[in-house]
Amino acid sequence: MSTGIQESETEADTEEQDTAAEESAAQRQRMETKRQRAAERDLQEKAEEELDDSENAVELKVFRYDPEVEGKEEPRFDTFHVPFFKGMTVLDALIYARDHFDSSLTFRHSCRQAICGSDALFINGRQRLGCKTQMVDLDWPVRIEPLPHQDVVKDLVVDMEHFYDQMESVEPYFDPEETPKKSDLEEQRQDRENREKIKMSTRCIWCGACMSSCNIAAGDNEYLGPAAINKAYRFAMDEREGENMKQHRLNIIEQEHGVWRCQTQFSCTEVCPKDIPLTEHIQELKREAVKNNLKFW
Amino acid sequence: MSQSYDRGTVEDFGRWKEFSAGMWAWIFHKFTGWVLVGYLFTHIAVLSTATQGATTYTQTIRGLEALAIVRVLEVGLLAVAVFHILNGVRLLFVDLGVGLEAQDKSFYASLVLSGAIVVASVPTFVSGAF
Ligand code: HEM
Ligand code: SF4
Ligand code: FES
């Protein structure tokens, strides 16, 4: 991902410094003025660039819908022109549009750093986090819609209830059969390999992008969906929970609307903002389920 | 999920331009699979003319192979079968959890390879028909 911000070369500077230190005072003086002039030039360039950029405006086409306000019950697209600055994300642009043009523009956001999972949106035809999507990485004008396959409550806000229900249904909490003795510091230790195995699966931020991208989840309301299965993976693969609990977890995911609905379209893996290899985890659980049930005698 | 109103092409095939490799692989695989099932019926129909004697069978086959459209359809059948087999092997690897990070590349590879095999087969299939 490019933020569009040019990072300044620091390496060359330190090198210069190292060699300069060994040279005469006069030489050091000369190098110092040279560095100052370079810094001034950098600043000047930056200012010029920023001036140029401020003339740049991004055009946003934002989905609008408000069933409770007369004249707004019909879905429509509003166009906003927002001044562009370097490093601007889609969320920044939406906030600007809301604060400067239309305070009724509604969307969820909180952390602005891809960790709360509240601003998954359908941006230029793809599920992305508004706060993790740089304007420079998109084709302009930028089209922003609510997540597909979820009911729209208002503008860009969708009903996440069903998604949360599916997440809860896999019992997404650590539930070990045995807890360590008090004398063992009460720590539930996990070995490094096992931690590494579940590492990616722990990163889910419950944004719902994967579920929205999944063609199967769209057609089968009962399908657990990629995020819930990934949650199940996170705990089923955690060795600290014990064998019985793993059986219980496998029973949940091999239900009719569990892992076997996945058709390996990879849509979820493509859109997950936390880069979780969802399809890989679903496939591994399929193999676990088969191994669990296969008997040759 | 149920929709409280029609969101137009947001959620249907109208978005085909935005489909990614894995989605196309799925669509093509289903399509080619069902074409193959369809062909199976035609295949049985043609073969069963053999129950009416050797000459009937030979005449049916000769009659069909004399038609240019049949030759063209045969190229199409090969294309469909080759893609289904190559992508089928890709899916088997996906099921085994092998090379999942290259799933898009392996889809493109099956496409290109299918194309190459089909093009190479054209002279054999159409010889004498046009
Ligand atoms: C070497 C030959 C073949 C291979 C390797 C192969 C492989 C596969 C695989 C792996 C799938 C599962 C796709 C998935 O996971 O979603 C599949 C599906 C399918 N195959 Fe084949 N196949 C072959 C030949 C055939 C033939 C000859 C036919 C037709 C008679 C056929 C018809 C289908 C159909 C209709 C489906 C889709 C089933 C569904 O809707 O899920 N395949 N094939
Ligand atoms: S798995 Fe990825 S896309 Fe799905 S809810 Fe979690 S963070 Fe979002
Ligand atoms: S605002 Fe928290 S994830 Fe984007």
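Residues numbered from 1 in each chain as written. Chains lettered and ligands numbered in written order. Predicted model: local features only at pLDDT ≥ 70, side-chain atom pairs only at ≥ 80, totals over all residues. Heavy atoms only, no water.

A. Summary view of the overall build of chain A. Each helix and strand in chain A was counted, giving eleven helices and seven strands. Expressed as a percentage of its 297 residues, the buried residues of chain A come to 43%. Once local pairs closer than 6 in sequence are excluded, the contacts in chain A between residues at least 24 apart make up 64%. Of the roughly 16,600 Å² of accessible surface on chain A, a fraction of 46% belongs to carbon and sulfur atoms. (Helix = DSSP H or I, 4+ residues; strand = E, 2+ residues; numbered from the N terminus. Buried < 20%, exposed > 50% of the residue type's maximum accessible area, 1.4 Å probe, protein only. Contact = heavy atoms within 4.5 Å. Areas by Shrake-Rupley, 256 points an atom, 1.4 Å probe, with all protein chains shown as cover.)

B. Spotlight on the overall build of chain B. Helices and strands together make up the secondary structure of chain B, namely four helices and zero strands. Tracing chain B from N to C terminus, the helices and strands come up as α-α-α-α. Here chain B holds 130 residues, and the buried ones make up 26% of them. If you take every contact in chain B between residues at least 6 apart in sequence, the share linking residues at least 24 apart comes to 68%. In the structure as shown, chain B presents an accessible area of about 8,000 Å², 73% of it carried by carbon and sulfur atoms.

C. Expanded view of the side chain of Asp 238 of chain A. All names here are of chain A. Summarising the element assignment, Asp 238 is placed in the loop between α8 (226-236) and α9 (243-253). According to the relative accessible area criterion, Asp 238 is buried, its value standing at 2%. Within the structure, Asp 238 has its side chain in polar contact with the side chain of Arg 234 (distance 3.1 Å). Residues within four places of Asp 238 in sequence aside, it is in contact with Phe 174, Gln 190, Asn 194 and Ile 198. (Polar contact = N/O pair within 3.5 Å; in protein donor to acceptor, adjacent residues only side chain to side chain.)

D. The arrangement of helix α3 (residues 90-100) of chain A in detail. Among the residues of α3 of chain A, those classed as buried are Val 90, Leu 91, Ala 93, Leu 94, Ile 95 and Ala 97 of chain A. Of the surrounding secondary structure, the elements contacted by the buried residues of α3 of chain A are β1 (57-64), β2 (76-83), β3 (120-123) and β5 (142-145) of chain A.

E. Structural detail: the coordination of the iron atom of ligand 1. Of the protein atoms, His 84 of chain B (NE2) alone serves as a donor to the iron atom of ligand 1, at 2.0 Å. If you trace the backbone, His 84 of chain B turns up in helix α3 (residues 68-96). (Donors = N, O, S within 2.8 Å, 3.2 Å for Na, K, Ca; no water.)

F. Quick peek at the site of ligand 1. In the region of ligand 1, the neighbouring residues are Gln 263 of chain A together with His 29, Lys 30, Gly 33, Trp 34, Leu 36, Val 37, His 84, Ile 85, Gly 88 and Leu 91 of chain B. Site remark: ligand 1 is flanked by residues from chains A and B. One of the side-chain nitrogen or oxygen atoms of Lys 30 of chain B is found 2.8 Å away from an oxygen atom of ligand 1. Within the side chain of His 84 of chain B, one N or O atom sits 2.8 Å away from a nitrogen atom of ligand 1. Elements that contribute at least two residues to the shell around ligand 1 include exactly α1 (21-47) and α3 of chain B. (Near = heavy atom within 4 Å.)

G. Focus on the packing of aromatic side chains. Across all of its chains, the model carries twelve aromatic pairs over all chains by this definition. For the pair Tyr 164 of chain A and Trp 206 of chain A, a centre-to-centre distance of 6.2 Å together with 40° between the ring planes defines the contact as tilted. Of the two residues, Tyr 164 of chain A is situated in helix α4 (residues 161-169) and Trp 206 of chain A in the loop between α5 (192-198) and α6 (209-213); the sequence distance between them amounts to 42 residues. Overall, Tyr 164 of chain A belongs to the partly exposed group, its relative accessible area being 31%. Given a relative accessible area of 23%, Trp 206 of chain A falls into the partly exposed group. Among the aromatic side chains, those forming a connected cluster through ring pairs are Phe 19, Trp 24, Phe 28, Phe 83, Phe 107 and Tyr 108 of chain B. (Phe/Tyr/Trp six-rings, centres within 6.5 Å; stacked < 30°, edge-to-face > 60°.)

H. Seen up close, unusual backbone geometry. All names here are of chain A. Trp 140 connects to Pro 141 through a cis peptide bond whose omega is -5°. Note on placement: Pro 141 falls in the loop between β4 (126-129) and β5. Unusually for a residue other than glycine, Asn 124 sits at a positive phi of about 45°. Along the polypeptide, Asn 124 turns up in the loop between β3 and β4. Positive phi, normally seen in glycine, also occurs at Glu 171, with a value near 55°. Position of Glu 171 among the secondary structure elements: in the loop between α4 and α5.

I. A look at the side chain of Ser 201 of chain A. When you line up the elements, Ser 201 of chain A lands in the loop between α5 and α6. Apart from the residues lying within four places of it in its own chain, the contact partners of Ser 201 of chain A are Asn 230, Tyr 233, Arg 234, Ile 276 and His 281 of chain A.

J. Spatial organisation of the domain arrangement of chain A. Residue and element names in this part refer to chain A. Partitioning chain A into structural domains gives domain 1 (57-154) and domain 2 (160-293). Placing a centre on the C-alpha atoms of domain 1 and another on those of domain 2 gives a separation of 30 Å. Between domain 1 and domain 2, the contact holds 14 residues from the first and 15 residues from the second. Roughly 1,200 Å² of surface becomes buried between domain 1 and domain 2 when both sides are summed, with 54% attributable to carbon and sulfur atoms. Ranking the residues of domain 1 by area buried against domain 2 places Gln 127, His 149 and Gln 150 at the top, with a combined share of 38%. Taken together, the residues of the side of domain 1 that touches domain 2 break down into seven nonpolar, four polar and three charged. (Domains from an automatic or database assignment. Buried area = accessible area lost by both parts, 1.4 Å probe. Nonpolar A, V, L, I, M, F, W, Y, C, P; charged D, E, K, R; others polar.)

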